[in-house]
Amino acid sequence: MSATKDQREHPPSSRDLRIFLEEKHEEGKRGEKQMKGEEILSDLSEEIVVDMDNWNKDNPGATFLEIEEKARDVVSKLEVALIQKSALEREEDSWAEQEEEERPTCPNCKEPLVSRGKRVRSLQGAQGREIKLKRIYGTCSNCGTSFFPPG
Ligand SMILES: [Zn+2]
């Protein structure tokens, strides 16, 4: 079977698309956590496009500045989701299980911190949006100071 004949039997565009999707599927198998994050992001991307479209329909007389503000607000949702997703992927590298010398230390006494489990840490993202991260909260066994180590 020659390549030319093959292309005649299957429309090239849909065949290429199918191959492309299969490759994407293979990539997704790497990690369930990663795939879930990507699904959330693609859902959210669609959602923000729909949100922007609806807003455009509802605000036909919007000025360029208003459009810019709306777009920035809408994109900031995606930004927050991206930050949260990236942070989630890094959680496996958390220090709770590490040897003492690899753990973060207390800035006052340089003692290795003791993990107090994960707590939600809120940070402020773009447009004042709240970014919620689950971070290990640590306590210094020497002076008793508790905080979220950087990272
Ligand atoms: Zn201390």
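Bear in mind the structure is a predicted one, so any value in this text is a computation, not a measurement. Each chain carries its own residue numbering, running from 1 in the written order of its sequence. Given that the model is predicted, a residue must reach a pLDDT of at least 70 before its local features are reported, and side-chain atom pairs must reach 80 or more before they are shown or counted; all residues, however, enter totals for whole chains, interfaces and linings.

K.L.:
Please explain the overall build of the protein chain as it appears in this structure.
P.N.:
A run of H or I in DSSP becomes a helix once it reaches four residues, and a run of E becomes a strand once it reaches two; helices and strands are each numbered from the N terminus. Counting its regular elements, the protein chain contains four helices and three strands. Beginning at the N terminus, the succession of helices and strands in the protein chain can be written as α-α-α-α-β-β-β. Considering only intrachain contacts with a sequence separation of at least 6, the fraction spanning at least 24 residues in the protein chain is 57%. Whether two residues are in contact is decided by their C-beta atoms, placed from the backbone, lying within 7 Å.

K.L.:
Even after reading the chapter, I still don't get the pairing of strand 2 (residues 130-140), so can you show me in this structure?
P.N.:
Within a regular strand, side chains alternate between the sheet's two faces. For two strands to be treated as a pair, DSSP must find at least two bridges joining them. Pairing geometry for strand 1 (residues 113-124) and strand 2, over 10 bridges, is antiparallel. Paired with glutamine 124 across the two strands is glutamate 130, which belongs to strand 2. Linkage of strand 1 to strand 2, two consecutive antiparallel strands, is achieved through a turn of five residues, within which glutamine 127 is found at a positive phi near 60°. In this sheet, strand 3 (residues 146-147) lies alongside strand 2 in antiparallel orientation, the contact comprising two bridges. Across the sheet, residue glycine 138 finds its bridge partner in strand 3, namely phenylalanine 147. Connecting the antiparallel pair strand 2 and strand 3 is a turn made up of five residues, with glycine 144 showing a positive phi of about 85°.

K.L.:
Explanation requested: the sheet that holds strand 2 in the structure shown.
P.N.:
Pairing between the strands of a sheet is mediated by backbone hydrogen bonds and can be parallel or antiparallel. The three strands are arranged 1-2-3 in an open sheet whose pairing can be described as antiparallel. The strands lining the two open edges of the sheet, one partner per strand, are strand 1 and strand 3.

K.L.:
So what exactly am I meant to see when it comes to unusual backbone geometry here?
P.N.:
What is expected of a backbone is that most residues other than glycine have negative phi and most peptide bonds are trans. Phi is positive for lysine 110, close to 60°, though the residue is something other than glycine. Within the secondary structure layout, lysine 110 lies in the loop between helix 4 (64-90) and strand 1. By C-beta crowding, lysine 110 is classed as exposed, having 9 other C-beta atoms within 10 Å. In this scheme every C-beta is placed from the backbone, and a residue whose C-beta has 20 or more other C-beta atoms within 10 Å is buried, one with 12 or fewer is exposed, and one in between is partly exposed.

K.L.:
Would you mind showing me how to read the environment of threonine 145 here?
P.N.:
Mapping threonine 145 onto the fold places it in the loop between strand 2 and strand 3. Spatially, the C-alpha atoms of threonine 145 and cysteine 106 are 7.8 Å apart, while their sequence positions differ by 39 residues. Apart from residues lying up to four places away in sequence, threonine 145 is in contact with Cys106, Asn108 and Cys140.

K.L.:
How should the confidence of the model for the protein chain be read in this particular structure?
P.N.:
Interpretation of the predicted coordinates at a detailed level should be avoided for regions scoring low in pLDDT. pLDDT is a residue-level measure of predictor confidence that goes from 0 to 100. In this model, the protein chain carries a mean pLDDT of 77, and residues with pLDDT of at least 70 account for 72%. Here residues 19-30 is a poorly scored stretch, pLDDT under 50, and it has two contacts once near neighbours within four places are set aside; other chains count.

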